[in-house]
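Survey of secondary and tertiary structure
Listed here are the chains, written in short residue letters.
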Amino acid sequence: MHLNESLDNLDDLNIFCVRQQIPLQDCDILISATSKNMADTITTPVFVNKVLKHIDCQITFSFDVIKEIV
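Being a predicted model, the structure only gives us computed values, none of them experimental.

Moving on, we get to the overall build of the chain. From N to C terminus, the chain includes two helices and two strands. Order of helices (α) and strands (β) in the chain, N terminus to C terminus: α-β-α-β. A total of 70 residues make up the chain; the buried ones form 23% of that total. Sequence separation of at least 24 residues holds for 75% of the intrachain contacts in the chain that already meet a minimum separation of 6.

This is the structure in structure tokens:
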């Protein structure tokens, strides 16, 4: 399920996780970032913290580096 920054469907996601009794090891929040170089600092969006208060999951980070062709 995809969450947006306004967390419109957080309650639905929370209810789904509880009803399905999803184990912690099967729950994951993926944060994906794209950068032009690895020297950039990537911050976690604030709404991720709000999600973690409702749904206890591990966090996975994915980084894609775009190399410019000159």
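Here the focus is the state of the cysteines. Under the definition given, this model contains one disulfide. Note on cysteine connectivity: Cys27 is disulfide-linked to Cys57, with sulfurs 1.4 Å apart. Measuring the twist about the S-S bond at about 50°, one finds the Cys27-Cys57 disulfide to be right-handed. Linking Cys27 in the loop between α1 (10-20) and β1 (28-35) with Cys57 in the loop between α2 (46-54) and β2 (58-65), this pair joins segments that are 30 residues apart in sequence. A residue is classified by how much of its surface remains accessible, and Cys27, at 10% relative accessible area, is buried. In this structure Cys57 comes out as buried when scored by relative accessible area, which is 9%.

Evaluated as defined, the whole model comprises one aromatic pair. When the ring of Phe61 is compared with that of Phe63, the centres are 6.3 Å apart and the planes differ by 10°; the resulting orientation is stacked. Overall, the relative accessible area of 44% leaves Phe63 in the partly exposed class.

Procedures and definitions
- Residues numbered from 1 in each chain as written.
- Predicted model: local features only at pLDDT ≥ 70, side-chain atom pairs only at ≥ 80, totals over all residues.
- Heavy atoms only, no water.
- Helix = DSSP H or I, 4+ residues; strand = E, 2+ residues; numbered from the N terminus.
- Buried < 20%, exposed > 50% of the residue type's maximum accessible area, 1.4 Å probe, protein only.
- Contact = heavy atoms within 4.5 Å.
- Disulfide = S-S within 2.5 Å.
- Phe/Tyr/Trp six-rings, centres within 6.5 Å; stacked < 30°, edge-to-face > 60°.

Purely spatial values, then, with no claim about function.
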